[in-house]
Amino acid sequence: MPSTLPSTSPTPLPGTVVILGTGGTIAGTSAAAGDNVGYTAAQRTVGDLLVAVPALAAAAIEAEQVAQLDSKDMDAATWQRLAQRVAHHLARAEVVGIVVTHGTDTLEETAWLLQRVLAPAKPVVLVAAMRPATALAADGPQNLLDAVAVARTAGARGVVAVLAGRVHAAGAVRKVHTYRADAFDSGDAGPLGVVEEGALRRFADWPAGAPLGLDRLAGDVADWPWVEIVTSHAGARGDGVRALVAAGVNGLVVAATGNGTLHQALAEALDEAAAAGIPVWRTTRCAAGVLVGPEVGPAAAMSPWQARVELLLQLLPSPRGAN
Ligand code: ASP
C-alpha cells in the first residue's frame, strides 16, 4: 500500500466514545491550587473530569469508572478488569473508540498490556496528566479533549497514549520526566503524531500485530506468574537473584548497562537462574536506544517494565493456543 504519511484527519467520526476511568493525577486534587506536586491522585470520577471539558458536553460519550487508583499501585486485578471492559466496549458496533484515563507512572505498562492482549482494530487511547485537576494550569482537560479527538479519528487503531498534544504508540511510549507537563516521549521512533486543534497529524503507522487474546488474562490473578526486574550496576551482587529464585520467581528481566552488558557477579547468578529453567530477558537501563547484536533476545527493543509485562504475558497459559 502506498504511504500516505504524514496525514491529517480533520473530520471526526460520528459514534460513541467510551471513557473508562482508572484514577491517576488527571483525577487528583490538592489543597492549594498552586501545588502541582503535593496532591492526592485518583480523587475525582471520570464523570467529574468530563464536566471540566465543556467542548465535550454535547458529544456522544459514555463514562465508566473501572478503578480509582494511583497508577504507582497498578495491579493485576485492575489490569484484568480494564482489559475486559475495553474489550466489551470495543465489541459494540456504535463505539468508535475508547479513552482510558490513567496515571502517568505505569501508563506505558498498561499501554503495552492492552496492545498485546487486544491489538484492537479501533483506537484505545490512554490519557493522563502531570498536574492535578485543581492545578492553576491543569493539563488534564486539554489532554482529555485531544484523546477524544484521536479516538474519533477515521482509520485509527491500536493502543496509543495522548499527552501534551503528542500521540505515542504503545510500544514506544516512555515516561521521561518527573514533573513537566510534556513528560512522555517515543525515543528514536518519534511520536506517532500530534493533535492540532482537534485534528490528528500523523507521522507513523498505527500500532498493529496479532492479539494474544483476552483469554490470556482469564485466570485467577493470584495464580499469575511472578516476574521481577533486576538491574546491573557498579557493585552488583548475585545474592538478590538467588533469593528471588529461592522464593519462587517465575521470570526475570534484567536492566543491563549500555548495550546489554552485565556485572559479572550478577551474570553468574542469572546464568544459574536460566540453568534452573527460569527465563531471563535482557533489556537496557539506558533511557534511549535498543540492544544491538547477534544474541540480544526477545526484549531488545523494550524498556525493562514493558519487557516485564511481555514476559508475564508469555508465561500465562494460552487457553486457545495463541502466540
Ligand atoms: N502517581 C500518579 C499516577 O501514576 C502520577 C500521575 O498520574 O502523573 O497515578
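Details of the structure are given in the entry above.
Residues numbered from 1 in each chain as written. Predicted model: local features only at pLDDT ≥ 70, side-chain atom pairs only at ≥ 80, totals over all residues. Heavy atoms only, no water.

1. Some details on the site of the ligand
And then number 1: Around the ligand, the neighbouring residues are Gly24, Thr25, Tyr39, Asp70, Ser71, Lys72, Gly103, Thr104, Asp105 and Ala129.
And then number 2: Side-chain polar atom of aspartate 70 to a nitrogen atom of the ligand: 2.6 Å apart, as the coordinates give it.
And then number 3: In this structure, aspartate 105 approaches the ligand through a side-chain N or O atom, which is 2.7 Å from a nitrogen atom.
And then number 4: Out of a free accessible area of 270 Å², the ligand has 94% covered by protein chains.
And then number 5: A class-by-class count of the residues in the shell around the ligand yields two nonpolar, five polar and three charged. (Near = heavy atom within 4 Å. Polar contact = N/O pair within 3.5 Å; in protein donor to acceptor, adjacent residues only side chain to side chain. Areas by Shrake-Rupley, 256 points an atom, 1.4 Å probe, with all protein chains shown as cover. Nonpolar A, V, L, I, M, F, W, Y, C, P; charged D, E, K, R; others polar.)

2. Remarks on the pattern of salt bridges
And then number 1: Evaluated as defined, the whole model comprises eleven salt bridges.
And then number 2: As a salt-bridge pair, glutamate 62 and arginine 92 come within 2.8 Å of each other at their nearest N and O atoms. You can see glutamate 62 sitting in strand β3 (residues 61–69) and its partner arginine 92 sitting in the loop between α2 (76–90) and β4 (95–101), a full 30 residues away along the chain.
And then number 3: Between aspartate 239 and arginine 237 there is a salt bridge whose closest N-O contact spans 3.2 Å.
And then number 4: Within this structure, Glu62, Arg92 and Glu94 form a network of salt bridges that share partners. (Salt bridge = Lys/Arg side-chain N within 4 Å of Asp/Glu carboxyl O. Helix = DSSP H or I, 4+ residues; strand = E, 2+ residues; numbered from the N terminus.)

3. Describing the sheet that holds strand β13 (residues 251–256)
And then number 1: Spatially, three strands are ordered β12-β13-β14 in an open sheet, and the strand pairing comes out parallel. The open sheet has two free edges, formed respectively by β12 (227–231) and β14 (280–284), since each of these has just one partner strand. Pairwise comparison of adjacent strand axes, ignoring direction, gives a mean angle of 25 degrees for this sheet.
And then number 2: Relative to β14, β13 runs parallel, the two being bridged by five bridges. Looking across to β14, one finds that leucine 252 is bridged to valine 280.
And then number 3: Docked against the sheet, helix α7 (residues 304–315) engages β12, β13 and β14, running at close to 160 degrees with respect to β13. (Pairing = 2+ DSSP bridges. Axes fitted to C-alpha atoms, helices over the stretch in contact; angles between N-to-C directions. Contact = heavy atoms within 4.5 Å.)

4. So, the nonpolar core
And then number 1: By size, the foremost hydrophobic cluster in this structure holds 46 residues, and its most contacted members are Val86, Ile98 and Val124.
And then number 2: Sorting the residues of this core by element identifies β2 (16–23), β3, α2, β4, α3 (107–118), β5 (123–127), β6 (158–163) and α7 as the ones contributing at least two each.
And then number 3: It is α3 that contributes the most residues to this core, seven residues altogether.
And then number 4: In this structure valine 86 touches Leu20, Ile98, Val100, Leu118 and Val124, once residues within four positions along its chain are discounted. (Core = buried A, V, L, I, M, F, W, Y, C linked by side-chain atoms within 4.5 Å. Buried < 20%, exposed > 50% of the residue type's maximum accessible area, 1.4 Å probe, protein only.)

5. Observations regarding the sheet that holds β5
And then number 1: Overall, mixed pairing links the nine strands, which are arranged β1-β11-β10-β7-β6-β5-β4-β2-β3 in an open sheet. Whereas interior strands pair on both sides, the edge strands pair on one side only; in this sheet they are β1 (7–9) and β3. Adjacent strand axes in the sheet meet at a mean angle of 25 degrees, parallel and antiparallel pairs treated alike.
And then number 2: As judged from the six bridges shared by β2 and β4, these two strands associate in the parallel manner. Bridge pairing in β4 places isoleucine 19 opposite valine 99.

6. Notes on the packing of α2 against α3
And then number 1: Look at α2 against α3: their axes get within 11 Å of each other, and the N-to-C directions meet at 50 degrees. When the axis of α2 is compared with that of α3, the two are oblique. Viewed along their axes, α2 and α3 form a crossing whose handedness is right-handed. Contacts between α2 and α3 involve Trp79, Leu82, Ala83, Val86, Ala87 and Leu90 from the first element and Glu109, Thr110, Leu113, Leu114 and Leu118 from the second.
And then number 2: Looking at the contact of α2 with α3 residue by residue, the class counts come to nine nonpolar, one polar and one charged. (Parallel < 35°, antiparallel > 145°, perpendicular 65-115°, else oblique. Left-handed = near helix turned anticlockwise from the far one by under 90°.)

7. Brief notes about the pairing of β12
And then number 1: Two strands pair when backbone bridges link them, and β12 and β13 are joined in this way by five bridges, in the parallel orientation. Paired with glutamate 228 across the two strands is leucine 252, which belongs to β13.
And then number 2: Note on the crossover from β12 through helix α5 (residues 239–247) to β13: the handedness is right-handed. (Right-handed = clockwise from strand over helix to strand, strands pointing away.)

8. Some details on α7
And then number 1: Across its twelve residues, α7 extends 16 Å between first and last C-alpha, which sits within 8% of the 16 Å expected from 1.5 Å per residue.
And then number 2: Buried within α7 are the following residues: Pro304, Gln306, Ala307, Val309, Glu310, Leu311, Leu312 and Leu313.
And then number 3: Buried positions along α7 lie against α2, α3, β8 (174–175), β12, β13 and β14. (Expected span 1.5 Å × (residues − 1).)

9. With respect to the environment of leucine 107
And then number 1: With respect to the helices and strands, leucine 107 occurs in helix α3.
And then number 2: A relative accessible area of 0% means that leucine 107 is categorised as buried.
And then number 3: Taking the C-alpha atoms as reference points, leucine 107 and arginine 242, 135 residues apart in sequence, are found 30 Å from one another.
And then number 4: Once residues within four sequence positions are removed from consideration, leucine 107 is found in contact with His102, Leu126, Ala128, Ala161, Leu163, Val173 and Phe184.

That's the geometry; what it means functionally is another story.
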